[in-house]
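An overview of the molecular structure
Take a look at the letters that make up each chain.
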Amino acid sequence: MAGFGDALGWVKQQISARVPTADLDQRDADYILEQLPGLWLLASLYFRADVRGLDRIPTTGPVLLVGNHSGGNLPPDTFVFTLAFCSYFGVERPFYQLAHNLVVSMPGLGSLRKFGTVAANHENATLALKSGAALLVYPGGDYEVFRPSWQRHEVDFDGRKGYVKLAREAGVPIVPIASVGGQEAALFLDRGQWLAKLLVVDKIARLKSVPILLAPPWGLAVSDMVPRLPLPTKIVIEVQDPIDAEDIASSDDDVINDKVLASLQSGVDRLAAERRFPIIG
């Protein structure tokens with residue numbers, strides 16, 4: 001067992017060493033400006049992107065944007081919201097998004113770092129907020145993003161509420177971001193948490209789910225690490241009312257977490273009620 005533990009530790013160390021160190025300067029406003037017109041056209045045509053309520057986000061200063069998350073490792077909700085935020089507030093306003101270590105480490109995805117994507121941990125999040133930036137986080141992480149598609153309209157952070165402490169320590173407001181459509185970009189059948197444990201990737205790669213899904217062009221797929229084509233589902237995102245920094249400072253984590261969850265679920269239910277058909281919207 002000692003030999004297995006040593007090997008496990010070595011593999012974990014090798015994976016951790018390949019996670020890029022968060023460097024906020026990797027965000028490239030000029031690059032975003034160049035890419036924005038074409039990518040927004042793609043989002044508008046392919047995902048029929050509809051983003052509402054951006055005027056509810058404070059126009060200056062740091063802010064924590066907290067969303068429900070959908071779409072696996074190719075989340076169209078993040079793609080659409082990032083483009084909408086940069087279009088509305090301008091590329092010069094610093095904006096970062098947290099993502100799983102494996103996402104920011106994958107070959108060919110270096111452009112994400114140019115858009116402001118950094119590895120999801122408390123240190124990187126604190127660094128971004130202290131710099132005065134807007135920061136997008138998804139507390140539900142891989143638990144929520146790989147939920148079965150028939151649970152697509154359920155907001156579920158799996159009990160995670162560290163983001164409340166993050167906002168309180170930084171003294172920033174929280175703005176809930178509700179979205180629908182992303183979990184229809186593939187047919188997610190099972191989170192595969194049992195498979196993650198069986199393969200020990202929960203220990204070596206901080207990967208709690210190895211999902212089972214149906215998606216083109218592969219058909220049935222196990223894990224979501226192989227590039228795939230997301231279905232052209234209609235993505236609708238709505239910014240909810242902010243929760244003031246003063247309210248966060250004077251309330252405990254459970255109270256604020258409940259407010260965020262209630263706000264997101266209310267927004268998701270309202271947007272879901274507008275959809276007539278999956279994918280089509």
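Rules used in this analysis
Residues numbered from 1 in each chain as written. Predicted model: local features only at pLDDT ≥ 70, side-chain atom pairs only at ≥ 80, totals over all residues. Heavy atoms only, no water. Helix = DSSP H or I, 4+ residues; strand = E, 2+ residues; numbered from the N terminus. Expected span 1.5 Å × (residues − 1). Buried < 20%, exposed > 50% of the residue type's maximum accessible area, 1.4 Å probe, protein only. Phe/Tyr/Trp six-rings, centres within 6.5 Å; stacked < 30°, edge-to-face > 60°. Lys NZ or Arg CZ within 6 Å of the ring centre and 35° of its normal. Patch = residues over 30% accessible without salt bridge, like charges linked within 9 Å, V, L, I, M, F, W, Y side chains within 5 Å. Areas by Shrake-Rupley, 256 points an atom, 1.4 Å probe, with all protein chains shown as cover. Salt bridge = Lys/Arg side-chain N within 4 Å of Asp/Glu carboxyl O. Lys, Arg positive; Asp, Glu negative; His and termini not counted. Charge placed at Lys NZ, Arg CZ, Asp CG, Glu CD. 1 Å grid on protein atoms, 1.4 Å probe; cavity = no way out; pocket = protein on both sides within 12 Å on 5 of 7 lines; lining within 4 Å. Points joined across faces, edges and corners; volume = space filled by probe spheres on them. Nonpolar A, V, L, I, M, F, W, Y, C, P; charged D, E, K, R; others polar. Pairing = 2+ DSSP bridges. Axes fitted to C-alpha atoms, helices over the stretch in contact; angles between N-to-C directions. Contact = heavy atoms within 4.5 Å. Polar contact = N/O pair within 3.5 Å; in protein donor to acceptor, adjacent residues only side chain to side chain.

Going by the annotation in an unreviewed UniProt entry, the name recorded for the chain is Glycerol acyltransferase, with Mycolicibacterium grossiae given as the source organism.

**Concerning helix α3 (residues 76-89)**
For α3, built from 14 residues, the straight-helix expectation of 20 Å at 1.5 Å per residue is met to within 8% by its first-to-last C-alpha distance of 20 Å. Judged by how many residues are buried, α3 sits mostly within the fold: 11 of 14 residues are covered. Among the residues making up α3, those that are buried are Pro76, Asp77, Thr78, Val80, Phe81, Thr82, Leu83, Ala84, Phe85, Cys86 and Phe89.

**Examining the packing of aromatic side chains**
With the rule as written, the count across this model stands at 10 aromatic pairs. Ring centres 6.2 Å apart and planes at 70° place the aromatic pair phenylalanine 81 and phenylalanine 95 in the edge-to-face group. With phenylalanine 81 in helix α3 and phenylalanine 95 in strand β3 (residues 95-99), this pair connects stretches of sequence that are 14 residues apart. Given a relative accessible area of 1%, phenylalanine 81 falls into the buried group. Linked through ring pairs, Phe81, Phe85, Tyr88, Phe89 and Phe95 together constitute an aromatic cluster. Directly above the aromatic system of tyrosine 31 lies the positively charged group of lysine 114, at a separation of 4.6 Å from the ring centroid. Between arginine 191 and the ring centre of tyrosine 143, over which it is positioned, the NZ or CZ distance is 3.7 Å.

**A closer look at a positive patch on the surface**
A cluster of basic residues, Lys197, Lys203, Arg206 and Lys208, forms a positive patch at the surface. Within the element layout of this structure, lysine 197 appears in helix α9 (residues 193-198).

**Remarks on helix α2 (residues 29-46)**
Here α2 is 18 residues long and its end C-alpha atoms lie 24 Å apart, about the 26 Å a rise of 1.5 Å per residue gives. With its phi angle positive at about 45°, arginine 48 sits one or two positions after the end of α2.

**Description of empty space enclosed by the protein**
Scanning the model with the defined rule gives two cavities of 30 Å³ or more in all. By volume, the second largest cavity is sized at about 40 Å³. In terms of lining residues, the second largest cavity is bounded by Gly67, Asn68, Asp77, Phe81, Tyr138, Ile177, Ser179 and Ile237. Breaking the lining of the second largest cavity down by element, the ones donating at least two residues are α3 and β6 (174-180). Taken together, the residues that form the lining of the second largest cavity break down as four nonpolar, three polar and one charged.

**Focus: the pairing of β6**
Among the seven residues of β6, seven are classified as buried, and the element is accordingly described as predominantly covered. By the alternation rule, side chains of β6 split into Ile174, Pro176, Ala178 and Val180 and Val175, Ile177 and Ser179, which are all buried. In the sheet, strand β2 (residues 63-67) pairs with β6 via four bridges, with the strands oriented parallel. Within the sheet, the bridge partner assigned to leucine 64 lies in β6 and is isoleucine 174. Bridging between β6 and strand β10 (residues 236-239) involves four bridges; their strand directions are antiparallel. Across the sheet, the residue bridging to serine 179 is isoleucine 237, located in β10.

**Here we look at the sheet that holds β3**
Across the sheet, which stays open at both edges, the seven strands sit in the order β1-β10-β6-β2-β5-β3-β4 with mixed pairing between neighbours. Among the strands making up the open sheet, the edge pair consists of β1 (50-52) and β4 (117-119). The average angle at which neighbouring strand axes cross in this sheet is 25°, direction not considered. Contacts between helix α6 (residues 122-130) and the sheet are confined to β2, β3, β4 and β5 (134-137), with β5 contributing the most and set at about 150° to the helix.

**A word on the side chain of arginine 275**
For arginine 275, the location among the structural elements is in the segment after α12 (253-274). A polar contact is formed between the side chain of arginine 275 and the backbone oxygen of lysine 234, at a distance of 2.9 Å. If we skip the residues at most four places from it in the chain, arginine 275 touches His153, Val180, Gly181, Glu184, Thr233, Lys234, Val236 and Gly281.

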